[in-house]
There are 2 protein chains.
Amino acid sequence: MNTKLPPRTVERLSKYRRLLDKYKDLEGAHIYSHKLAGLLNLTPEQVRRDLMLIGITGNHRRGYNIKELIGMIGNTIDRHEGQQVALVGIGNLGRAVLGFIRKAETRMNIVAAFDIDRSKINTHIGNVPCFHLHDARQVVRDKSIRIAILTVPPEVAVATTAMLLQSGIRGILNFTSVHLDVPPGIYLKDYDIITSLEEIGFFIQE
Amino acid sequence: MNTKLPPRTVERLSKYRRLLDKYKDLEGAHIYSHKLAGLLNLTPEQVRRDLMLIGITGNHRRGYNIKELIGMIGNTIDRHEGQQVALVGIGNLGRAVLGFIRKAETRMNIVAAFDIDRSKINTHIGNVPCFHLHDARQVVRDKSIRIAILTVPPEVAVATTAMLLQSGIRGILNFTSVHLDVPPGIYLKDYDIITSLEEIGFFIQE
DNA sequence: CATCAATTGTTATTTTTTTCACATTGTCAG
DNA sequence: CTGACAATGTGAAAAAAATAACAATTGATG
Ligand SMILES: NC(=O)c1ccc[n+]([C@@H]2O[C@H](COP(=O)([O-])OP(=O)(O)OC[C@H]3O[C@@H](n4cnc5c(N)ncnc54)[C@H](O)[C@@H]3O)[C@@H](O)[C@H]2O)c1
Ligand SMILES: NC(=O)c1ccc[n+]([C@@H]2O[C@H](COP(=O)([O-])OP(=O)(O)OC[C@H]3O[C@@H](n4cnc5c(N)ncnc54)[C@H](O)[C@@H]3O)[C@@H](O)[C@H]2O)c1
């Protein structure tokens, strides 16, 4: 639908869907904005506005149809099906993330892993094949990968990112606490534990 | 100093400091707002405003004194020294995070780990002692722990959080993709990989 | 010692996001 | 069939954050 949504709205839509997925089998079930809001500590107005933005229209008496809601959020976030994701750097963190995502119910499919450690190349982690980073261009094209999760050592984060961007990656989830400079059009999201802890530390000062 | 800073500003301050720490030995060195901005893909105005908010005043010709900058950010974010942090749930992710933070240079000190797996209790992970979650109240008090990193299985996330809050924890970094409902005064930060990937996925649609 | 170029400090403006307020509407009880 | 209730849908207002604009300051230079 409309591709101009606020990032916060997109995040919340993702959470709505994940929460509602649990109820997806209840045919014809509805939910009120205030109920949904309560479950995620939001305001009903915010929920209604988010849903309005993606063109969902509820029933004035029964609320929003859960099935329709899940469907419409899917149309918006995932366009059709999910997207292909690569995991880059299969160390302690990389394996933990991989295990987590494989268990999670999501349209994000991890279809390849990259590393440079020869002992890992051509093996499978879970059921995900592991390739040498040098083959990224080829693999990324073949498997239509558009997103990378970056869990390589900090020293190589910048170089690895350059390589990934050359390969056609469009979005990066960066776990490496290293600042990455990406060109416009590339969507970067940073998970910086140190900064997050310091932020928490600041706001819990009395 | 002033405790009413925007969250985004606090995050950026943390990043400024981490970046500048590399230059801390250059006695008398200065840096311009546009230089600092360039290094982190921000605007110079934003940098200047952030620094203004914590009462840093630069030199109109030489820019900001790096040492003073690091010091003032420390005064603001860490008050005096750092803070004590506990890691809760020493699984794959927990160990990866622990290893990472121990290597990182930060005032956030991981001083305890909690789990319920008997084989882990009373051992040390790195040099961090591991306790049973039941002893959280005691340990949290004794070690003045105020922040917890939550890496337990999703099924127990809510119960574990309740336990931690009872023990006196004031801030939580939540890795469990489970929505936590915390009372006012508790600072919660969520790392939700699924939502982040879906957000990235949305914004790289052409 | 006056000029000039560059940078800061801060006010004003714009943009983004959230909250408020309330008219509108679908459904159900009577 | 007909209110009346309890929702939704959305314009308007407010709050938060980012950006722009520019006067004030500095110190190097001729
Ligand atoms: N920001 C966070 O929240 C957070 C938390 C934990 C770890 N980390 C970071 O995540 C990264 C990984 O941490 P880890 O504990 O898994 O480290 P690790 O050393 O266990 O794993 C790193 C992996 O990357 C591989 N690798 C090395 N160079 C590579 C390259 N050029 N291309 C592809 N793969 C390469 C290694 O072979 C290894 O498998 C580090 O940068 C660490 O700082 C970040
Ligand atoms: N959101 C993310 O980005 C992300 C990424 C990876 C994993 N995860 C989540 O992190 C959590 C941990 O993942 P993992 O791969 O390390 O799992 P894991 O099973 O390897 O580790 C879980 C650990 O928690 C311990 N534990 C179990 N119950 C506990 C309790 N009540 N109190 C304290 N400790 C307890 C277990 O003994 C184990 O050591 C999971 O919730 C997972 O979904 C989140």
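Remember, predicted model here, so these are calculated numbers, not experimental data.

Colleague: I keep staring at the environment of Ile110 of chain A and nothing clicks. Help me out?
Modeller: Residues and elements named next belong to chain A. Note that Ile110 resides in strand β4 (residues 108-115). By relative accessible area, Ile110 is classed as buried at 13%. C-alpha of Ile110 to C-alpha of Leu51: the two residues are 59 residues apart in sequence and 29 Å apart in space.

Colleague: What should I look at first to understand a nonpolar patch on the surface in this one?
Modeller: All names here are of chain B. A cluster of nonpolar residues, Tyr23, Leu26 and Leu39, forms a patch on the protein surface that exposes about 250 Å² of accessible area. Its location among the elements puts Leu26 in the loop between α1 (7-20) and β1 (30-31). You can call Leu26 exposed: its relative accessible area is 51%.

Colleague: Is there a simple way to think about the site of ligand 1 in this case?
Modeller: Residues in close proximity to ligand 1 total 23 residues, the closest being Asp115, Lys120, Val152, Phe175 and Ile193 of chain A. More than one chain approaches ligand 1, the contributing ones being chains A and B. Take Lys120 of chain A: an N or O atom from its side chain is 2.7 Å from an oxygen atom of ligand 1. For ligand 1, a nitrogen atom lies 2.4 Å from a polar atom in the backbone of Phe175 of chain A. Within the complex, the protein chains bury 86% of what would otherwise be the 860 Å² of accessible surface of ligand 1. Secondary-structure elements contributing two or more residues to the shell around ligand 1 are α5 (92-103) of chain A together with α5 (92-103) of chain B.

Colleague: It is not clear to me how the nonpolar core should be interpreted in this structure. Could you clarify?
Modeller: For soluble globular proteins, the rule of thumb is that nonpolar side chains tend to be buried together. Core analysis: the largest hydrophobic core is formed by 44 residues, its most contacted members being Ile149 of chain A together with Ile149 of chain B. Setting aside its immediate chain neighbours within four residues, Ile149 of chain A contacts Val85, Ala86, Leu87, Val88, Val97, Ile101, Ile110, Leu173 and Phe175 of chain A together with Leu197 of chain B.

Colleague: Quick question: what am I supposed to make of the relation of the copies chain B and chain A here?
Modeller: Between the two copies of the chain lies a relationship made up of a rotation around an axis and a movement along it. When chain B is brought onto chain A, the operation consists of a screw motion whose angular component is 180 degrees and whose axial shift is 0.0 Å, with 0.1 Å RMSD remaining. In short, the pair behaves as if placed about a two-fold rotation axis. The rotation axis passes nearest to the C-alpha of Leu93 of chain B in chain B, at a distance of 3.1 Å.

Colleague: In this structure, what is going on with the protein's contact with DNA strand D? I would like to understand it.
Modeller: Around DNA strand D, the surrounding shell holds 26 residues, and the nearest of these are Ser33, Arg49, Thr57, Gly58 and Arg61 of chain A. Counting only the atoms of DNA strand D that lie within 4 Å of the protein, the sugar and phosphate share comes to 60%. One of the backbone nitrogen or oxygen atoms of Gly58 of chain A is found 2.5 Å away from a phosphate oxygen of DNA strand D. A distance of 2.7 Å is found between a phosphate oxygen of DNA strand D and a side-chain nitrogen or oxygen belonging to Tyr64 of chain A. A per-element tally of the surface near DNA strand D places helix α3 (residues 44-53) of chain B first, with 4 residues. A class-by-class count of the residues in the surface near DNA strand D yields 5 nonpolar, 11 polar and 10 charged.

Cut-offs applied
Residues numbered from 1 in each chain as written. Chains lettered and ligands numbered in written order. Predicted model: local features only at pLDDT ≥ 70, side-chain atom pairs only at ≥ 80, totals over all residues. Heavy atoms only, no water. Helix = DSSP H or I, 4+ residues; strand = E, 2+ residues; numbered from the N terminus. Buried < 20%, exposed > 50% of the residue type's maximum accessible area, 1.4 Å probe, protein only. Patch = residues over 30% accessible without salt bridge, like charges linked within 9 Å, V, L, I, M, F, W, Y side chains within 5 Å. Areas by Shrake-Rupley, 256 points an atom, 1.4 Å probe, with all protein chains shown as cover. Salt bridge = Lys/Arg side-chain N within 4 Å of Asp/Glu carboxyl O. Near = heavy atom within 4 Å. Polar contact = N/O pair within 3.5 Å; in protein donor to acceptor, adjacent residues only side chain to side chain. Core = buried A, V, L, I, M, F, W, Y, C linked by side-chain atoms within 4.5 Å. Contact = heavy atoms within 4.5 Å. Least-squares fit on C-alpha atoms with pLDDT ≥ 70 in both. Nonpolar A, V, L, I, M, F, W, Y, C, P; charged D, E, K, R; others polar.

That's the geometry; what it means functionally is another story.
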